[in-house]
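Breakdown of the fold
Below are the chains, spelled out letter by letter.
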Amino acid sequence: MSKPWEHLPIYKKADEIRTLVDSVVEIAIESIMNYSTEEEGKMIDDSINYLVDNSILIPAKIAEVSHDDALYDQQMESATLIRKAAKELLADAKTLQDFGFKETEYLDVLRAEVEAFRVLFLEWIDTFDPWNYVTDNWGLFNPPNIDFDDDDLDDDDLPFDFDDSDDDLF
């Protein structure tokens, strides 16, 4: 049974990127790269690991918030992590190239796919409903003109009164 997000163009592109990264990683592991210190070797290993981690994170975060009742702050937080992961894919691809990864055509394809993903990403975030929200008291992902200290509920909507103290209970 397929999940609703699996039909989204952005999810399909993210899954294509994940598959492409798997190929790049497989080749990179077998490649001879140029490094002269243990730290440089660790940088290469880290870049390979980050490629995998970020390629998995992107479709997971899309799936996580691709349902009708996803709140705006959740969607924006996921979008931020997706953007960061996509940018890190490019940075780690550059690191591999800088250390002598010879199959640069794969990296060129990865760059082109991330650019195509970026366009789909922009279209996707335009579908977020900023008025389906709870106030983000950290102040990062509130809709326009909503401050971090705005209340989500009127006092009349609360099932109890916070201001009433019952000293008999203590």
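Residues numbered from 1 in each chain as written. Predicted model: local features only at pLDDT ≥ 70, side-chain atom pairs only at ≥ 80, totals over all residues. Heavy atoms only, no water.

1. Side note on the overall build of the chain
Selection rule: Labels follow the DSSP assignment, with helices taken as runs of H or I lasting at least four residues and strands as runs of E lasting at least two, numbered in each case from the N terminus. Each residue's exposure class comes from its accessible area (1.4 Å probe, protein chains only) as a fraction of the maximum for that residue type: buried when under 20%, exposed when over 50%, partly exposed otherwise. The contact criterion used throughout is that any non-hydrogen atoms of two residues lie within 4.5 Å. Method for areas: the Shrake-Rupley scheme with a 1.4 Å probe, in which residue coverage is limited to the protein chains shown.
Counting its secondary structure elements, the chain contains 4 helices and 0 strands. Seen in sequence order, the chain has helices and strands lined up from the N terminus as α-α-α-α. Counting only residues that meet the buried cut, the chain has 32% of its 170 residues in that class. Contacts in the chain between residues far apart in sequence, at least 24 positions, make up 73% of those at least 6 positions apart. Accessible area of the chain: about 11,300 Å², with a carbon and sulfur share of 52%.

2. Concerning helix α4 (residues 104-125)
Where we set the bar: Helix span, expected: 1.5 Å multiplied by one less than the number of residues in the helix. Throughout, the arc means the angular range of directions from the helix axis out to the C-beta atoms.
When the terminal C-alpha atoms of α4 are compared, their 31 Å separation across 22 residues agrees well with the 32 Å that a helix rising 1.5 Å per residue should span. For α4, the set of buried residues is Leu 107, Leu 110, Val 114, Phe 117, Phe 121 and Trp 124. Projection of α4 onto a plane perpendicular to its axis shows the buried side chains occupying an angular sector of 80 degrees, all on one side.

3. Observations concerning the environment of Asn 132
You can see Asn 132 is positioned in the segment after α4. Residue class for Asn 132 comes out partly exposed when judged on its relative accessible area of 25%. Each C-alpha atom of the pair Asn 132 and Asp 73 lies 8.8 Å from the other, and the pair is 59 residues apart in sequence.

4. What to know about unusual backbone geometry
Positive phi outside glycine occurs at Asn 145, with the angle close to 70 degrees. Relative to the helices and strands, Asn 145 is located in the segment after α4. The exposure class assigned to Asn 145 is exposed, which follows from its relative accessible area of 77%.

5. Focus: the nonpolar core
Condition: Within this scheme, the nonpolar core is defined by two criteria: the residues are buried Ala, Val, Leu, Ile, Met, Phe, Trp, Tyr or Cys, and they are joined through side-chain atoms within 4.5 Å.
Leu 51, Ile 58, Ile 62, Leu 96, Leu 110, Phe 117 and Trp 124 are the most contacted members of the largest nonpolar core, which has 35 residues in total. Elements with a contribution of two residues or more to this core: α1 (9-30), α2 (38-64), α3 (72-98) and α4. Among the elements that take part in this core, α1 stands out by supplying 9 residues, more than any other. Sequence-distant contacts of Leu 96, that is, excluding residues within four places in its chain, are made with Val 24, Ala 28, Met 33, Ile 44, Ser 47, Ile 48, Leu 51 and Phe 101.

6. Regarding the packing of α1 against α4
Threshold: Note on geometry: axes are C-alpha line fits, over the in-contact stretch for helices, and angles between N-to-C directions span 0 to 180 degrees. Oblique is the label for any angle not under 35 degrees, not over 145, and not in the 65 to 115 range, which are roughly parallel, roughly antiparallel and roughly perpendicular in turn. Handedness of a crossing follows from how the near helix is turned relative to the far one, being left-handed for an anticlockwise turn of less than a right angle and right-handed for a clockwise one. The nonpolar class holds Ala, Val, Leu, Ile, Met, Phe, Trp, Tyr, Cys and Pro. Asp, Glu, Lys and Arg form the charged class, and all remaining residues, Gly among them, are polar.
Following both chains from N to C, one finds α1 and α4 inclined at 160 degrees, their axes separated by 10 Å at the closest point. On the basis of the axis angle, α1 is roughly antiparallel to α4. Our pair here, α1 against α4, has a crossing hand that is left-handed. Contacts between α1 and α4 pair Pro 9, Ile 10, Lys 13, Ala 14, Glu 16, Ile 17, Leu 20, Val 21, Val 24 and Ile 27 from the former with Tyr 106, Leu 107, Val 109, Leu 110, Glu 113, Val 114, Ala 116, Phe 117, Leu 120, Phe 121 and Trp 124 from the latter. The class makeup of the residues in the contact of α1 with α4 is 18 nonpolar, no polar and 3 charged.

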